[in-house]
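# Overview (structure and organization)
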Amino acid sequence: MTIANPAYSTRSCRYGAEALREAALLIRAGEPVAVPTETVYGLAADATDNHAVAAIYSAKGRPSFNPLIVHVADLDMARGLADFSPVAEKLAARFWPGPLTLVLPVRADSGLSSLVTAGLPTVALRLPAHPAMRALIRESGRPLAAPSANRSGSISPTRAEHVLASLNGKVRMILDEGPTSEGLESTIAAPETDRVRLLRPGPVTAMMLEEATGLPVIIGKGDVKIEAPGQLESHYAPSKPVRLDALRAEGDEYLIGFGLMPCHINLSPEANLREAGANLFAALHIADASAVARIAVAPIPNEGIGAAINDRLKRAAA
């Protein structure tokens, strides 16, 4: 799917009542708007409007087989879009609003654009915690499809300036509310009767999902090749080659460290995984803009949110 996308004069506006009203008008007119969530900045558009959703794919250069997450203002809006099982209700009660996306059977009367689901019988839903995204959904009166606000496959944006560097001229407006708090995209889970499938690791860990449901958590996809965002082998990638598990930098490398070690930038000198997750994409942006030819990243423990960090790094290095 390709549509002509005119070059816009992209404005970055500090989040507030006036900017929110303007952003909502753009949403209702079928235009995408970049907006912060607690995870990363998203490129939001009316999830019920085919042309608006097509504009997201066009601005990002995103393949149309890759579905989008739909963001909602409350649980009632979510229930109008998808069928909630008892397990899904448990997860929503425990983790919403927050960085958990649920992949659920889409309702026949949802009114969602078929482009959002990429032709799948399911829809990915999230109730975000960030006040700017929640306010934009309410002000526009629409559920908002919102992948990360960057060129498809490149480093996710955690600041407004990251969005501007990636999509300048592709969108009209960026709502700027400073850096995001989580810094990693949401966990994506598909709840089933007797298990939960973890489709993308994130701030809500496998152990947290298991504790909330009392069910085993299975890591991996189902029968379809792509059933949720973030499952492409190469994703979140800088323009430079990335070497993982590096203990020191080679001569032409910019080293992203973790814990006490000599490096160019450190995700967390105290080896705090949550701090490392919040800083990961910002560090990759800085390394990608440096004068050296390659990027190296220190080993990250594969526990808790470290699993999500390593997932992003593996796809960045693919």
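Keep in mind it's a predicted model, so treat the numbers as computed, not measured.

For the coordinates displayed, the defined rule picks out 1 aromatic pair. Between F84 and W96, the aromatic rings sit 6.1 Å apart at their centres with planes inclined by 75°, giving edge-to-face as the arrangement. Of the two residues, F84 sits in the loop between α3 (75-79) and α4 (86-95) while W96 sits in the loop between α4 and β5 (100-105), which places them 12 residues apart along the sequence. The same class applies to F84 and to W96, which are both buried.

Turning our eyes to something else, we now look at helix α1 (residues 17-28). Between its first and last C-alpha atoms α1 spans 17 Å; for 12 residues at 1.5 Å apiece the expected length is 16 Å, and the two agree. Within the span of α1, buried status applies to A19, L20, A23, A24, L26 and I27. Within α1, the buried residues cover an arc of 160° as seen down the axis, which keeps them to one side. For α1, exposure combined with an orientation more than 90 degrees from the buried face picks out A17, E18 and L25. In the core, the buried residues of α1 are packed alongside β1 (11-14), β2 (33-36), β3 (41-46), α6 (131-140), β7 (144-145) and β8 (173-176).

The terminal C-alpha atoms of helix α10 (residues 306-317), which comprises 12 residues, lie 16 Å apart, in line with the 16 Å expected from a rise of 1.5 Å per residue. Within α10, 9 of the 12 residues are buried, which leaves the element mostly enclosed by the surrounding structure. Those residues of α10 that are buried lie in contact with β10 (196-200), β12 (242-243), α9 (273-289) and β15 (294-297).

Conventions adopted
Each chain has its residues counted from 1, following the order in which its sequence is written. For this predicted model, a pLDDT threshold of at least 70 governs which residues receive local features, and a threshold of 80 or more governs which side-chain atom pairs are given and counted, while totals over whole chains, interfaces and linings are taken from all residues. Working from all heavy atoms in the structure, the side-chain values ignore hydrogens and water. Working definition: a ring pair exists when centres of Phe, Tyr or Trp rings (six-membered ring for Trp) sit within 6.5 Å. Plane angles under 30 degrees give stacked, over 60 give edge-to-face, the rest tilted. Comment: elements are numbered from the N terminus, with helices defined as DSSP H or I runs of at least four residues and strands as E runs of at least two. Relative accessibility decides the category of a residue: with a 1.4 Å probe and only protein chains considered, values under 20% of the type maximum give buried, values over 50% give exposed, and everything between is partly exposed. Helix span, expected: 1.5 Å multiplied by one less than the number of residues in the helix. Throughout, the arc means that of the directions going from the helix axis to the C-beta atoms. Whether two residues are in contact is decided by their heavy atoms: any pair within 4.5 Å suffices.

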